[in-house]
Amino acid sequence: MVSAISIEHLTKYYRNFKALNDVSLEVAEGEFFGFLGPNGAGKTTTISVITGLANYQKGSVHVFGCDVGADYRTTRALIGLVPQEFNFDPFLSAEQILSFEGGYFGIPWREAKQRAQELLKLFDLAEKRHEGYKRLSGGMKRRLLIARALMHRPKILILDEPTAGVDLELRHQLWDFLRRLNREGTTVVLTTHYIEEAEKLCSRIGVIHKGSIVALDSTETLIRKMSGDQVELFLKARLDFLPVSLKSFQIFLEEEGRKLRFEEKNDAVPKILKALHQEGIEIEKIDIRRPTLEDAFLKLVGKKDKAFVLEEGKE
Ligand SMILES: Nc1ncnc2c1ncn2[C@@H]1O[C@H](COP(=O)(O)OP(=O)(O)OP(=O)(O)O)[C@@H](O)[C@H]1O
Ligand SMILES: [Mg+2]
């Protein structure tokens, strides 16, 4: 079966800067794929290449078997893009933004107008249809971006941080909407800095870091592979720094010195409890929780704060 998106050995430079380094990944038709990575990792750049907005130097990129460069019109029409930044024409109303978008994709005017009405209603923007986008709230603009991406009924929807600055209720509505769209057959690619959101929605995750793919797996496998159960010790008194005797453990001092966190492995629990007892550090409460995607993500790309993290074997 042909993949919805197929990227093979993609390398991209911005002048001398290598933004993508030998990136390979496939997204199957019908998948809900999460594309994660810290700021500047290369997510938007990858999306720009897939949607034909950026060139590249090495590798190949196909959408449903068509080359994104040679068959640009075909591949672009298969994709709905929700960009990270608002890029609306400031002189158009919400309704015009949608119907003109239909025009770009060759939808007859009447049909485009009707589709625009449907989407304005679906995204609760009907009341604002005559407003210019500058007169919409942040959440409304996000909804309009998604509505615009859906005008031409794309087979793939790529969302670049669609929930940035979106309130909790709207975020839940968007999640439900995206799940439904995916169930109905649309392939979804989502980038987000809310790792929990990716864990909830995506069946498979790719993590990019400094232009290279560092993980590509089903969400569950990724979590299981990367991290064991997390032990959290809530302390009776605040700790300013970790005592020397705890140096040999990989242990994190969190919540302004009120919590110690570490992974349950190699008998860490009794060893650490003993060390804490010897230091006279008292514990108020112990929690053990299953690892989350965020634990896995931080392990893959986390910047280790030297003030708080003492790695095994290091002074
Ligand atoms: N047009 C450009 N010209 C030069 N460098 C660029 C350009 N766009 C992006 N970059 C650089 O490429 C790298 C990857 O940027 P990109 O926007 O793809 O990151 P991202 O993963 O989307 O990050 P964020 O989560 O902050 O949106 C960064 O170092 C960035 O500065
Ligand atoms: Mg980005």
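So, here's what we can say about the structure. Here the residue index of a chain counts from 1 through its sequence in written order. Chains carry letters and ligands carry numbers; both start at the beginning, A for chains and 1 for ligands, and go up in the order they are written. Given that the model is predicted, a residue must reach a pLDDT of at least 70 before its local features are reported, and side-chain atom pairs must reach 80 or more before they are shown or counted; all residues, however, enter totals for whole chains, interfaces and linings. The side-chain values count all of the structure's non-hydrogen atoms but skip hydrogen atoms and water molecules.

**Concerning the coordination of the magnesium ion (ligand 2)**
Here comes step 1: With distances of 1.9 to 2.2 Å, the protein atoms coordinating the magnesium ion (ligand 2) are Thr44 (OG1) and Gln84 (OE1). Placement of Thr44 in helix H1 (residues 43-50) and of Gln84 in the loop between strand E6 (79-82) and helix H3 (94-104) is noted, with a sequence separation of 40 residues between them.
Here comes step 2: Accessibility expressed as a relative area gives 32% for Thr44, which makes it partly exposed.
Here comes step 3: Judged by relative accessible area, Gln84 falls into the partly exposed class, the value being 27%. The rule for donors is simple: an N, O or S atom within 2.8 Å of the metal counts, and for Na, K and Ca the reach is 3.2 Å. Water is not among the atoms, so a site may look short of donors. Numbering of helices and strands runs from the N terminus; a helix is a DSSP stretch of H or I covering at least four residues, while a strand is a stretch of E covering at least two. A 1.4 Å probe rolled over the protein chains alone gives each residue an accessible area, and that area as a share of the maximum for its type sets the label: buried under 20%, exposed over 50%, partly exposed in between.

**Comments concerning the nonpolar core**
Here comes step 1: With 49 residues, the main nonpolar core has Phe123 and Leu144 as its most contacted residues.
Here comes step 2: Sort the elements by how many residues they give to this core and helix H5 (residues 138-150) lands first, with seven residues.
Here comes step 3: Residues count as neighbours in contact if any of their non-hydrogen atoms are within 4.5 Å of one another. Leaving out residues up to four positions away in the same chain, Phe123 has contacts with Arg143, Ile146, Ala147, Leu150, Leu174 and Phe177.
Here comes step 4: Here the nonpolar core consists of buried residues drawn from Ala, Val, Leu, Ile, Met, Phe, Trp, Tyr and Cys, with membership extended through side-chain atoms lying within 4.5 Å. Membership of the second largest hydrophobic core comes to 26 residues, among which are Leu20, Val27, Phe35 and Ile47.

**Considering the site of ligand 1**
Here comes step 1: The nearness test applies per residue and asks whether one of its heavy atoms lies within 4 Å of the molecule or strand. With respect to spatial proximity, 14 residues lie near ligand 1, and among them Gly40, Lys43, Thr44, Thr45 and His193 are the closest.
Here comes step 2: Here a polar contact is recorded for every N or O atom pair within 3.5 Å, except that within protein the pair must consist of a potential hydrogen donor and a potential acceptor, and residues adjacent in sequence are included only if both atoms are side-chain atoms. Taking Thr45, its side chain carries an N or O atom lying 2.6 Å from an oxygen atom of ligand 1.
Here comes step 3: The contact in question runs from an oxygen atom of ligand 1 to an N or O atom on the side chain of His193, over 2.8 Å.
Here comes step 4: Here the accessible surface of atoms and residues is derived via Shrake-Rupley with a 1.4 Å probe, and residues count as covered only by protein chains that are part of the display. With the chains in place, 62% of the 640 Å² that ligand 1 exposes on its own is no longer accessible.
Here comes step 5: Only strand E2 (17-27) and H1 provide two or more residues apiece to the shell around ligand 1.
Here comes step 6: A per-element tally of the shell around ligand 1 places H1 first, with three residues.
Here comes step 7: Residue polarity is assigned by list, with Asp, Glu, Lys and Arg as charged and Ala, Val, Leu, Ile, Met, Phe, Trp, Tyr, Cys and Pro as nonpolar; anything else, Gly included, falls into the polar class. Of the residues assigned to the shell around ligand 1, the class counts are five nonpolar, seven polar and two charged.

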